[in-house]
Structures are given as C-alpha cells and as structure tokens.
Amino acid sequence: MKKSVAFTLLVASLALLAGCPSKPKTQPDQQQTPTTSSNTSGLDTSPVTSDETAIQGPSGELLSQRIVYFDFDRAEIRADSQSVVTAHAAFLSKNAGVKVRLEGHADERGSREYNIGLGERRAQALRRALLLQGVAEAQLSTVSYGEERPASAGSDEQAYSQNRRVEIVYLK
Amino acid sequence: MNRRMKKLVSLMISLAALAGTLPAQAQLRLTISSGVTDPIPIAVVPFARAVPADGGVDVASIIQKDLESTGRFKGMDRRDMINTPTTFAAVDAASWKQMRNDYVVVGRVTSLPDGRVKVEADLVNALTGVHMDSPNSTAQPDNLRMAAHRVADALHQKMLGVPGAFATKIAYISVDGRPPNQKYELYVADSDGASRKRIGSSNLPLMSPAWSPNGEWLAYVSFERRTSAVFVQEVRTGRKILVSARAGINGAPTYSRDGKKLALTLSGSNGNLDLYLLDLGSQQLTRLTDDPGIDTEASFDDKGNVYFTSDRSGSPQIYRLTPGSADRPKRVTFTGSYNARPRISPDGKQLAMLTLADGAYRIAIQDLASNNLTVLSKGRQEESPSFAPNGAMLIFAGRERGQGVLQTVSTDGLTTGRLDADAGEVREPIWGPYLP
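Residues numbered from 1 in each chain as written. Chains lettered and ligands numbered in written order. Predicted model: local features only at pLDDT ≥ 70, side-chain atom pairs only at ≥ 80, totals over all residues. Heavy atoms only, no water.

Some remarks on the overall build of chain B
Note the threshold: Secondary structure is summarised from DSSP: a helix means a run of H or I of at least four residues, a strand means a run of E of at least two, and numbering begins at the N terminus for each. What the globule rule says is 2.2 Å times the number of residues to the power 0.38, and the radius of gyration is computed from C-alpha atoms. Classification of residues uses two cut-offs on accessible area relative to the type maximum, computed with a 1.4 Å probe and protein chains only: under 20% is buried, over 50% is exposed, and between them is partly exposed. Only heavy atoms enter the contact rule, under which two residues are in contact if any of them lie within 4.5 Å. Using a 1.4 Å probe, accessible areas were evaluated by the Shrake-Rupley method; residue-level cover was limited to the displayed protein chains. Positive charge is attributed to Lys and Arg, negative charge to Asp and Glu, and no charge count is given to His or to the chain ends. For this purpose, a charge sits on NZ of Lys, CZ of Arg, CG of Asp or CD of Glu.
Scanning chain B from N- to C-terminus turns up 4 helices and 31 strands. Against the globule reference of 22 Å for 436 residues, chain B gives a C-alpha radius of gyration of 23 Å, in line with a compact fold. Projected onto its principal axes, the C-alpha coordinates of chain B cover approximately 70 × 45 × 40 Å. Burial analysis of chain B (436 residues in total) assigns 57% to the buried set. The long-range fraction of contacts in chain B, counting pairs at least 24 apart against all pairs at least 6 apart in sequence, stands at 43%. If you sum the accessible surface of chain B, you get close to 17,000 Å²; carbon and sulfur atoms cover 50% of it. Between the averaged position of the 51 positive side-chain charges in chain B and that of its 44 negative side-chain charges there is a distance of 2 Å.

See below:
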C-alpha cells in the first residue's frame, strides 16, 4: 500500500532524527520530509500509529459499556462511571496484549480548538485512571475529537450530555 | 413587493443563474441581513461588453452586488435607468442626481490583443459632476469576475476611504450527514460565494483551516489518519504536505505574517496542550508555552506577537506572548468568563474573539489600545471570527434553525450579512488575503 510506504518513510525519518541530538539538517525543500523536529523540550515526538482498527472487544454487563460521560466543562470521572472503568482496567491488566484507544469528545459549545483540549483532558483522565488500576502504558492511546464527532445531533442539554464523553475503543 | 424587495429577489435570481454554471451541489448565496439606515445611493450602469470574450459575465452587476453586500450602498434598479452611458463623457451628472444618486459608475469591458480582458470604470460624483476615479483591472477571460471585484475594491476605497475586500477568497468547512456518519469537506470560494471549489474531503473531521499570507496555501487539521495531523495544501494544484503528525494533538495551525512559520498546538502523549512554532523551511520546532493548562489557537499580530487562548487562570482567556522573549505571557482579556479563538486585525489594533455574553457564545472585538470590548453579533452559538484583509469586516460561523451558516459583520457593528449554503452545514470560515 502506497500510504503505508509513505508512513514507513515518515517513521524512519523520525527515528533518524530522534537519534540525532543536534539540529536537523536544513531542508530547503520543505515538500519532502516535513515531519521532523528538534528543540522540543520534552515533547514526546514518537510517531503515531494509525493502522489499528477497532474490534468488537470483550463482552459482559460492565465491559460492554464503552462510554464514560462527563459533566459540563469537567474532566473528572463521575462516581456512576467508576464500576465501568474498573471493569475495563481489570480486563486490560489481565490481557496485557490488548490495546484500547480512548477517544475524548466535548459538546458543541464554545471554541472548536479549545474543545479539542477539553476532549483530550477527558481522555487523559480516563487514561490515568486505567494506569492507576494496573493497565500498562503501552496498552493505551488517546485521541481527542473535540466537538467534531457528536454522538447526538441537537443543541440541548440532552444532546450535550451524550456528547461529553470518552469512548473506549478496543483495537486489533 | 416594494422596490427593495424586488431588488433583493432579482439579486437572488441573478445569483441563482450564476449558480447554474457550477456543479449541482451545495451553493453559497450571499444576502444582506441589515445595512446602515442611510445607505449611499449609487447607479452602476451596465458596462459596454466584449462579446464573446467576456463570456456573458455581467461586470456591473458584480460591482453593484459587491458594494451592496457591505450594507453601505443602495444600487439603483437598472430598469429605472433612462440611459446607459459607458464613458465619463457621456454621463449627464445632473440627470443621475435628479434620480437621487450620489454617485454614478460607468465602464467598459474590452478584449486585449493578448487574449486578456480589461475592465475600466469611471466614478462620477452625481452631485458635483466631478470625475473622481477611473480604476481598471486586467485578467484572463475566465478570471473576469476577479477583475470586476478588484475594480469594486478601488471604488469602495474612493468613496469610503478603505478598500473593499471583494477581490478575495474565503475557505470554510462543510459537513453533511447525521452523526456519527458525517462527511467533512474543505472548500474555497470567492468572497461573494461564487466559484466554489472543493479542495479536501474526509469521513473523519477536517477543521481549523488557515490561509497562508500569499493566499496560495491552506493549513488545516485532518483526522483522516484517525489521529489529528496538520497538513498544508496548495490551493491551485491540490498538492498536499503533511507537516505535523506527532503523538497527541496536532492542531490550530496559523501562519506567521511572513508565511515562513506555522504556529501549532501540540500535546505530546501526556495530553498537555502547548504552543509551538514550526519553521517551514528548516522544520525546526520551537516551544512557545509551557503550562499545564490548555494553550491553543495562536494568532500573530503585525509585530510578530502571538495571541492565544489559555485556561491557565481557570477559564479560557486570551493571552499575548512575544516569541524569543523571556517575559511571561500577559493576559489581555478581562471581560467575562470565556474568551477564546483570538484573531488580530491586519493593522494590529483590534482583537476579534469568541466571548460568552449573556449566556450566549458571540463574536466580540476588543480595541487593544483602550481594551474596550464590544459584542458584535446577536446569536446564541457563534464562533470562528476571521478578519477581512481590509480590517473592516469579520466573517464567522453562526447557527440558524440548527444549521451552521456563515455570517459577516462590520467591525463597527453597523452591518451584517449572510452566506447561506443550500445543503449541509458550513462552518469555520476564514477570509483570505487580497489576490494579486
């Protein structure tokens, strides 16, 4: 696949640069390998994997619940979601080979890019909760869609409460 | 139907006719929601045509519609015109004054030997008979509309002291379908909604488009790889380059005013959003902020300062920093509990933003000398303000009947307009620079 070749090249170029402590060579032709970095002061520049596809995942009363909801402008996991989070944490720590992607979302109010931040905060809150309960870092990835992928259309509290969420997506 | 209504209807009909020449999908229609109470009466007389080189484009109608779209002019109905001069010498100012016009515009489209077409206009003060200006513009025949817009920009400048922002393009995101099955598209169109062109499409979100200062590139965020990534794309050729797909968030791209750098929001895998500056030539990345809060939505002013949204104080507010300086970012907004998505006017004197006012998300403008904040819009859920290159207008996203629409407001708050799409939701409009 063409795409994966390009991606491999990207990963390779990142790997090369990661091993290089000094400034990268200036590349006047910005068309070629634009994704490089230096002087990132602590920013994790590990390449992202994008070829993981969602699967059905485990079943069971709590494990089949894959959505954690949040209050307005908050990123704390509510008491009514703790049992679901605990169930997924237990399953993931027992199955170290299983990976999940935590997809954070916000309701539509306010600025779009700020809402990307809010969605990320929620995904990170769930990530930390899972890590605390024994899940390995390598099993978890996060993405924030902000307000861009609502679960429910509509501009009322009913829709908003459905949209402020983190979805737990099991990956192949 | 009164005359004004008739005119509006005929305007819509002429735009619909124009739309007929484009692919049969969602079109944009420009309407004026409210203008000044005492618009300037002007007669834009049909121009002498260059048949067949002009392709039937009605240059006078484009100019009249441009001027009317500001809400500050009222064009005379053609059907009321007794004669239709096309040169200054043929204009009898007194007769146009008698028909209550302050100004008369006459003009000609001519074919040049090299195949291009030329638009020439004469602006006449109907009250004094004085010949005020004779703007002209040359273009390839398929770009005749842009030449008409450039002439309208010059006429606007002569009459109001500021150029128009008609010879420009806008870009925006269009979304179709119901959640969770939505299709996201990135479009470019002329400032009047004509000549729409789709430049990107994805089943996963596209967001945050930003123009390069020369109007040739767009930077934007795409989730097509499932995670966020920032791309830049050349509008004319469609050539697309991935510039950032780092772990975590890659968002909120904005070009520096020299076009050489891109400010970005990156989070790394620990999810802490901070601002970075990416040099597009050397690919060097420089960190601009380091704060546990959300720092995002950078916007450059004319001096290279960066304005951005941060909730380091607890709620989103606008801050300013100077790249390379050791000074801590300074908070700029103090009115209200939610101020986000800053954009700085071309002259660096005004800050446009999204503000929470009276329980509604609205577009506001803050004078950076006095720090006075004025709310300009009246809806419930508005966002994404973007300055026109003349600094006199803003385009932003609003909602009507649950659907996203594009709206305009003048920075003095006196006039408003709308660009309606006939299908799907449109949002995140950005106003591009003047085109050469």
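Focus on the overall build of chain A
Each helix and strand counted, chain A has 4 helices and 4 strands in total. The secondary structure elements of chain A, listed N-terminal to C-terminal, are α-β-α-β-α-β-α-β. Going through the 172 residues of chain A one by one, you find that 47% of them count as buried. Accessible area for chain A stands at about 8,500 Å²; split by element, carbon and sulfur atoms hold 55% of it.

Focus on the confidence of the model for chain A
All names here are of chain A. Applied cut-off: The predictor rates its confidence in each residue with pLDDT, a number between 0 and 100.
On average, residues of chain A carry a pLDDT of 79, and 70% of them reach 70 or more. The model gives residues 1-42 a pLDDT under 50, and that stretch makes 59 contacts with residues more than four places away or in other chains. Every residue in residues 45-50 is under pLDDT 50, and counting partners more than four places away or in other chains gives 18 contacts.

Section: helix α2 (residues 82-94) of chain A
Residue and element names in this part refer to chain A. Threshold: An expected span of 1.5 Å times one less than the residue number is assigned to each helix.
The terminal C-alpha atoms of α2 lie 18 Å apart, and with 13 residues this matches the ideal 18 Å at 1.5 Å per residue to within 8%. Those residues of α2 lying buried are Val84, Val85, Ala87, His88, Ala89 and Leu92. Where α2 is buried, its residues meet β1 (67-69), β2 (99-105), α3 (112-132), β3 (140-146) and β4 (165-171).

As for the packing of α2(A) against α3(A)
Helix-helix packing: each pair is described by the crossing angle between the helix axes and the interaxial distance. Residue and element names in this part refer to chain A. Operational definition: In this description, a line fitted to the C-alpha atoms serves as the axis of each element, helices being fitted only across the stretch in contact, and the angle between N-to-C directions of two axes falls anywhere from 0 to 180 degrees. An angle below 35 degrees is treated as roughly parallel, one above 145 as roughly antiparallel, one from 65 to 115 as roughly perpendicular, and anything else as oblique. Definitions for this section: a left-handed crossing has its near helix turned counterclockwise from the far helix by less than a right angle. A right-handed crossing has that turn clockwise. Residues were grouped as follows: Ala, Val, Leu, Ile, Met, Phe, Trp, Tyr, Cys and Pro as nonpolar; Asp, Glu, Lys and Arg as charged; and all remaining residues, including Gly, as polar.
Running from amino to carboxyl end, α2 crosses α3 at an angle of 55°, the nearest separation of the two axes being 9 Å. In terms of orientation, α2 lies oblique with respect to α3. In this structure, α2 meets α3 at a crossing whose hand is right-handed. For the pair α2 and α3, the contacting residues are Val85, His88 and Ala89 in the first and Leu126, Ala129 and Leu130 in the second. When the residues that make up the contact of α2 with α3 are grouped by side-chain class, the tally is 5 nonpolar, 1 polar and no charged.

Here's the deal with the sheet that holds β1(A)
Residue and element names in this part refer to chain A. Here is the rule: Between any two strands, at least two bridges found by DSSP are needed for them to pair.
Within the open sheet, the 4 strands sit side by side as β1-β4-β2-β3. Their pairing is mixed. Sheet topology places β1 and β3 at the edges, where each strand pairs with a single neighbour. Strand-to-strand twist in this sheet, taken as the mean axis angle between neighbours without regard to direction, amounts to 20°. In terms of strand pairing, β1 meets β4 through 3 bridges, oriented antiparallel.

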